[in-house]
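Observations on chain architecture
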Amino acid sequence: MKIILLGPPGAGKGTQAANIVEKYNVPHISTGDIFRKNIKEGTELGKKAQEYINQGKLVPDELTCGLVASRLSEPDCKDGFMLDGFPRNIFQAEYLDKYLSENNVALDKVINIEVDSKLLIDRACGRRICKTCGATYHVQFNPSKKEGICDVCDSALTQRPDDNEETVSHRIEIYLSETKPLVDYYTKKGVIANINGNQDISKVFEDIKAALA
Ligand code: ADP
Ligand code: ADP
Ligand code: ZN
């Protein structure tokens, strides 16, 4: 299964990615997670990416595209993969198309999670993440069993520095201008499945499974 997850910040891509990985056993490639790991480890890439991420801007394509291509060339992606947060603009989509066609790979589905803009700020600002295992929670909509503690690995939960109202609003604007055109792009290619992401997490996953069946 070769899948792309598309949707605005806070739509539920990471949350559904965890469900998809469990059911379909595909590697989860999240450019946001890769950047955050590099920031945590203090790499050169992390230092460069951090200034863009903290301002809610896209990290430049030169830093992003090659990273994804090299990840896709690893052996675990041979039979399938799930891209989460890439591509995010037309340049990246065309870059990916070129990479895939050169490697004789075809996408199965682009899962487009649609969520009303008014819900996105609350979703992102209430998000809590576990830096140890990557699990995602929400203070109100998907709380951990013990407040502030990861259910999976018992680590302390944290808030992403870019999950504040001002930065999220900016990320939504960038989504609308740079990323949303990809909905048209993949609709024309006939691979898109539009999913109503305003529903409960479990119902959204039901609809995704139906789209992938
Ligand atoms: P994305 O990866 O698209 O930015 P996440 O999966 O991290 O989004 O979800 C953003 C926040 O919203 C998280 O705190 C998550 O727990 C919560 N969330 C995800 N899906 C839903 C949903 N269907 N309903 C309510 N909250 C959700
Ligand atoms: P969300 O789903 O909440 O928008 P992500 O974790 O996917 O968050 O991304 C966090 C940040 O990392 C983005 O706001 C952006 O700065 C950067 N980023 C992630 N993926 C890309 C990409 N494909 N191109 C450019 N920047 C990216
Ligand atoms: Zn954890």
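Computed from a predicted model, the values in this text were never measured in an experiment.

Calculation rules
- Residues numbered from 1 in each chain as written.
- Chains lettered and ligands numbered in written order.
- Predicted model: local features only at pLDDT ≥ 70, side-chain atom pairs only at ≥ 80, totals over all residues.
- Heavy atoms only, no water.
- Salt bridge = Lys/Arg side-chain N within 4 Å of Asp/Glu carboxyl O.
- Buried < 20%, exposed > 50% of the residue type's maximum accessible area, 1.4 Å probe, protein only.
- Phe/Tyr/Trp six-rings, centres within 6.5 Å; stacked < 30°, edge-to-face > 60°.
- Lys NZ or Arg CZ within 6 Å of the ring centre and 35° of its normal.
- Near = heavy atom within 4 Å.
- Polar contact = N/O pair within 3.5 Å; in protein donor to acceptor, adjacent residues only side chain to side chain.
- Areas by Shrake-Rupley, 256 points an atom, 1.4 Å probe, with all protein chains shown as cover.
- Helix = DSSP H or I, 4+ residues; strand = E, 2+ residues; numbered from the N terminus.
- Nonpolar A, V, L, I, M, F, W, Y, C, P; charged D, E, K, R; others polar.
- UniProt positions renumbered as here; feature names shortened; annotations may be inferred.
- Contact = heavy atoms within 4.5 Å.
- Core = buried A, V, L, I, M, F, W, Y, C linked by side-chain atoms within 4.5 Å.
- Donors = N, O, S within 2.8 Å, 3.2 Å for Na, K, Ca; no water.
- Tetrahedral: all angles 85-135°; square planar, octahedral: opposite > 155°, others 65-115°.
- Expected span 1.5 Å × (residues − 1).
- Arc of directions from axis to C-beta.

1. Observations concerning the pattern of salt bridges
Overall, the coordinates contain 17 salt bridges when judged by the stated rule. Put simply, Arg 171 and Asp 163 hold a salt bridge, and the shortest N to O gap is 3.1 Å. On the basis of relative accessible area, Asp 163 is assigned to the buried category, the value being 2%.

2. Side note on the packing of aromatic side chains
Counting across every chain of the model gives 1 aromatic pair. When the ring centre of Tyr 24 is taken as origin, the NZ or CZ atom of Lys 23, which lies over that ring, is 5.5 Å away.

3. Some points on the site of ligand 1
Near ligand 1, the surroundings consist of 19 residues, among which Lys 13, Thr 15, Arg 127, Tyr 137 and Gln 199 are the closest. Take Ala 11: an N or O atom from its main chain is 3.2 Å from an oxygen atom of ligand 1. Between ligand 1 and Gly 14, the relevant distance is 2.9 Å, taken from an oxygen atom to a main-chain nitrogen or oxygen of the residue. Here ligand 1 has 570 Å² of accessible area as a free molecule, and 92% of this is covered by the chains. Looking at the shell around ligand 1, the elements that each hand over two or more residues are helix H1 (13-24) and strand S6 (136-138). Class assignment for the residues of the shell around ligand 1 results in 6 nonpolar, 9 polar and 4 charged.

4. Re the UniProt feature "binding site: ATP" (unreviewed entry) in the chain
In this numbering, the UniProt entry assigns the feature "binding site: ATP" (unreviewed entry) to Gly 10, Ala 11, Gly 12, Lys 13, Gly 14, Thr 15, Arg 127, Thr 136, Tyr 137 and Gln 199. Judged by its relative accessible area of 13%, Gly 10 is buried. Residues in contact with Gly 10, not counting those within four places in the same chain, are Leu 120 and Arg 123. Mapped onto the elements of the fold, Tyr 137 is located in strand S6. Classification of Tyr 137 by relative accessible area gives buried; the value is 8%.

5. Comments concerning the side chain of Gln 92
Its location among the elements puts Gln 92 in helix H5 (residues 90-102). Here Gln 92 falls in the buried class, since its relative accessible area comes to 3%. In contact with Gln 92, not counting residues within four places along its chain, are Asp 61, Thr 64, Cys 65, Phe 86 and Pro 87.

6. Regarding the nonpolar core
Counting 24 residues, the largest nonpolar core has Leu 72, Phe 81, Leu 83, Leu 96, Val 110 and Tyr 186 as the members making the most contacts within it. Leave out the neighbours within four places in its chain, and Phe 81 touches Met 1, Lys 2, Ile 3, Val 26, Pro 27, Ile 29, Leu 72, Leu 100, Val 105 and Leu 107. Counting 22 residues, the second-largest nonpolar core is a separate cluster that includes Met 82, Ile 111, Val 168 and Ala 211.

7. Thoughts on the coordination of the zinc ion (ligand 3)
Around a metal, the ideal angle is 109.5 degrees if four donors adopt a tetrahedral arrangement and 90 or 180 degrees if six donors adopt an octahedral arrangement. Of the protein atoms, only Cys 130 (SG), Cys 133 (SG), Cys 150 (SG) and Cys 153 (SG) coordinate the zinc ion (ligand 3), at distances of 2.3 Å. Coordination at the zinc ion (ligand 3) is tetrahedral: its 4 donor atoms span angles of 97 to 118 degrees at the metal. Here the donor residues for the zinc ion (ligand 3) map to a single chain with the spacing C-x2-C-x16-C-x2-C. Within this pair, whereas Cys 130 is found in the loop between strand S5 (127-129) and S6, its partner Cys 153 is found in the loop between S6 and helix H7 (165-179), the two being separated by 23 residues in sequence. On the basis of relative accessibility, which here comes to 28%, the residue Cys 153 falls in the partly exposed class.

8. Re H1
For H1, with 12 residues, the first-to-last C-alpha span of 15 Å sits near the 16 Å given by 1.5 Å per residue. Where H1 is concerned, the buried positions are Lys 13, Gln 16, Ala 17 and Ile 20. The buried residues of H1 occupy an angular sector of 110 degrees when the element is viewed end-on, so they sit on one face. Considering only its buried residues, H1 is in contact with strand S1 (2-6), strand S2 (28-30), strand S3 (81-84), strand S4 (109-114) and helix H9 (201-212). Downstream of H1 by a residue or two, Asn 25 has a phi angle that is positive, lying close to 55 degrees.

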